[in-house]
Amino acid sequence: MQTKRRHIDGRHPEAELLKEAAELLRAGELVAFPTETVYGLGANALDASACVKIFEAKGRPQDNPLIVHVCNRAMADNLVANWTPEAELCVQHFWPGPLTLVMPKTSKVPEVVTAGLANVAIRMPSHPVALRLIEETGLPIAAPSANLSGKPSPTSGSHVWRDMKGKIPLILDAGSCLVGVESTVLDVSGGIPTILRPGGISREQLEAVLGEVRVDTPSETQAPKAPGMKYRHYAPRGEMILMIGSSKRIIQRMGHEIQKGHARLKKVGVLCSLESAPFLHNQLPELLFVLGSKNRPEEVASNLFEGLRLCDERGIDLILAEGVEEGGLGTAIMNRLQKAAGKRVLYM
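Rules used in this analysis
- Residues numbered from 1 in each chain as written.
- Predicted model: local features only at pLDDT ≥ 70, side-chain atom pairs only at ≥ 80, totals over all residues.
- Heavy atoms only, no water.
- Axes fitted to C-alpha atoms, helices over the stretch in contact; angles between N-to-C directions.
- Helix = DSSP H or I, 4+ residues; strand = E, 2+ residues; numbered from the N terminus.
- Parallel < 35°, antiparallel > 145°, perpendicular 65-115°, else oblique.
- Left-handed = near helix turned anticlockwise from the far one by under 90°.
- Contact = heavy atoms within 4.5 Å.
- Nonpolar A, V, L, I, M, F, W, Y, C, P; charged D, E, K, R; others polar.
- Salt bridge = Lys/Arg side-chain N within 4 Å of Asp/Glu carboxyl O.
- Buried < 20%, exposed > 50% of the residue type's maximum accessible area, 1.4 Å probe, protein only.
- Phe/Tyr/Trp six-rings, centres within 6.5 Å; stacked < 30°, edge-to-face > 60°.
- Lys NZ or Arg CZ within 6 Å of the ring centre and 35° of its normal.
- Pairing = 2+ DSSP bridges.
- Core = buried A, V, L, I, M, F, W, Y, C linked by side-chain atoms within 4.5 Å.

**Considering the packing of helix 1 (residues 15-26) against helix 6 (residues 128-137)**
Then step 1. The geometry of helix 1 relative to helix 6 is characterised by a closest axis approach of 9 Å and an angle of 55 degrees between their N-to-C directions. Looking at the two axes, helix 1 sits oblique to helix 6. At the point where helix 1 passes helix 6, the crossing takes the right-handed sense. Taking contact as the criterion, the partners of Leu18, Lys19, Ala21, Ala22, Leu25 and Arg26 in helix 1 are, on helix 6, Val129, Arg132, Leu133, Glu136 and Thr137.
Then step 2. Here the residues of the contact of helix 1 with helix 6 are counted per class, giving six nonpolar, one polar and four charged.

Written out as C-alpha cells, the structure is:
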C-alpha cells in the first residue's frame, strides 16, 4: 500500500487536507492524525470492519480496547448509555483535553471497539487537527496510538511514518505533540472514579474536582479494562534498566553499568535529567539523551518517547533510564518508563 504523508498546519488545518482524510475514514480506511497527547491511528468507530484494520496495522491484540474520539457532547451521547454525575463533572472541567472517560456503551458501539466489554472509552481531544477532522468526518473516530503494538508511542509525524509507512493510506503530519504521553483513562461508570491508566491529567487534578479517586491495579490474568493496562508497552528493542532513587547513587550506578556494557561490546544509551547529564557525559555512552529538568515534568513527558525511539534508531543494546519523582505528571512518566523496562527496575 502506498502511504501519503500530508503536512498540515497544526493550528489552522487546511480544509482540503481534512476533506481528503475524512473521505478515507468514511470509506472505511485508516488515517493517522495528531492529538495533543500522541498521534492516533483512526478509523470510523461505528464500522467494525474498519476498526479491525487498526488491530491488523498495529499488530494489536484484539482484547485491548480502543479509545473513541468525539468532537462534541452530542456525538458522545450517541455512544454513552448513562452519564454519571462524576462523568458530567469531568466533561465540564477537562474536555476537550487529555482525559478519557470509561462509561456504559450503547448498542451503536461495535464489540471490537470495546473488546466485548460493557463500557466504552471516550475522549474529546483538544488538538485543532483532531477536532476539525472529526467534525469534517461527521463520525466518532476510534484511535489508539499510531505505532506498532508494544513499541514507543509516536509524538511526531516522522515516528508514524517509520511505523506505518506501507500499512495505511494517509498520515496527517502536524509536527510534534504537546503533552507527549497518552491521556489519563478514568472509569466513571459508577461508584468511586478509578484511574485505569495515568496520563496527561493527574490524580491530583481529578481529586480537586471529584473528591476521592482510586487507582486500579491491572491483573496479568484478566482482559484489559482500558488501553495500556495489561501488555508491555512503549518497549524499545534494546535491554532497558530503569533506576529510581538518589541522583548521586543513580549516577554512580549508571557509570558502572556503562563500563560493564562496553566490556560486553554493547552500545549503551542513557536517558537522564538535565541535572544528571553533566556527570554522565564523561562516561562516554554512545547516546546521552536529556529528557528534561527534574523540575519540569511536562518537559520530560514531551521528550520521553522521542528518547526511546532514538535508542532504536541508533541501535542501542543497553538503555539506562533515570526515573522521576512520582506525583502529578511524574506518575504517568514513571508508568511509561516501568512498562518500557519490563521488570528491570533498580532502586538506589
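Right, picking up where we left off after that structure.
**Overview of the pattern of salt bridges**
Where charged atoms from two side chains of opposite charge come close, those side chains can pair.
Then step 1. For the structure shown, the criterion picks out 18 salt bridges.
Then step 2. We note a salt bridge from Arg309 to Asp163, for which the minimum N-O separation is 2.8 Å. Highlighted residues: Arg309 in helix 11 (residues 297-313) and Asp163 in helix 7 (residues 157-164), separated in sequence by 146 residues. Assigned by exposure class, Arg309 and Asp163 land together as buried.
Then step 3. In this structure, Glu182 and Arg336 form a salt bridge, with 3.0 Å as the shortest nitrogen-oxygen distance. Taken together, the residues Glu182 in the loop between strand 8 (170-173) and strand 9 (184-187) and Arg336 in helix 12 (residues 329-341) connect sequence positions 154 residues apart.
Then step 4. Residue classification places Arg336 among the buried residues on the basis of a relative accessible area of 0%.
Then step 5. Each member of the salt-bridge network shares a partner with another, and the members are Lys4, Arg6 and Glu20.

**Some thoughts on the packing of aromatic side chains**
Then step 1. For the structure shown, the criterion picks out one aromatic pair.
Then step 2. Seen from their ring centres, Trp83 and Trp95 are 6.4 Å apart, and the 85 degrees between their planes marks the pair as edge-to-face. Of the two residues, Trp83 is situated in the loop between helix 3 (73-77) and helix 4 (85-94) and Trp95 in the loop between helix 4 and strand 5 (99-104); the sequence distance between them amounts to 12 residues. When sorted by exposure, Trp83 lands in the same class as Trp95, which is buried.
Then step 3. The ring of Trp83 has Arg73 lying over it, and the distance from NZ or CZ to the ring centre is 3.7 Å.

**Description of the packing of helix 11 against helix 12**
Then step 1. It is the contact of helix 11 with helix 12, at a shortest axis distance of 9 Å, that shows an interaxial angle of 20 degrees. Between helix 11 and helix 12, the crossing angle belongs to the class labelled roughly parallel. As helix 11 runs across helix 12, the sense of the crossing is left-handed. Touching Pro297, Glu298, Val300, Ala301, Leu304, Phe305 and Leu308 of helix 11 are Leu329, Gly330, Ile333, Arg336, Leu337 and Ala340, all from helix 12.
Then step 2. Across the contact of helix 11 with helix 12, the residue classes tally to 10 nonpolar, one polar and two charged.

**Side note on the sheet that holds strand 15 (residues 318-322)**
Then step 1. The sheet built from five strands is open, its strands ordered 14-13-15-12-16 with parallel pairing. On the outer flanks of this sheet lie strand 14 (287-292) and strand 16 (345-347), each paired with one strand and no other. Between one strand and the next, the sheet's axes are offset by a mean angle of 20 degrees, whatever the strand orientation.
Then step 2. Sheet analysis places strand 13 (residues 268-273) next to strand 14, joined by five bridges and oriented parallel. Bridge pairing links Leu271 to Phe289 in strand 14.
Then step 3. Running at roughly 160 degrees to strand 14, helix 11 makes contact with strand 12 (239-244), strand 13, strand 14 and strand 15 of the sheet.

**A word on the sheet that holds strand 10 (residues 194-197)**
Then step 1. Taking strand neighbours across the sheet as the criterion, the 11 strands line up as 1-8-2-3-7-4-6-5-9-10-11 in an open arrangement whose pairing is mixed. Two strands lie at the open edges of the sheet, namely strand 1 (4-7) and strand 11 (214-215), each paired on one side alone.
Then step 2. Note that strand 3 (residues 40-44) and strand 7 (residues 141-142) share two bridges and pair antiparallel. By the bridge assignment for strand 7, Asn44 is matched with Ile141.
Then step 3. Where helix 1 meets the sheet, its contacts fall on strand 1, strand 2 (31-33), strand 3, strand 7 and strand 8, and the angle it forms with strand 8 comes to roughly 145 degrees.
Then step 4. Sheet strands touched by helix 8 (residues 203-210): strand 5, strand 9, strand 10 and strand 11. Its angle to strand 9, the strand with the most contacts, is close to 35 degrees.

**Focus on the nonpolar core**
A general feature of soluble globular proteins is that nonpolar side chains tend to end up buried together.
Then step 1. In terms of nonpolar packing, the biggest core is built from 64 residues, with Trp95 and Leu186 touching the most fellow members.
Then step 2. Grouped together as the second largest cluster of nonpolar side chains are 29 residues, Phe305, Ala321, Ile333 and Val345 included.

Scope: geometric values only; no functional claims are made or implied.
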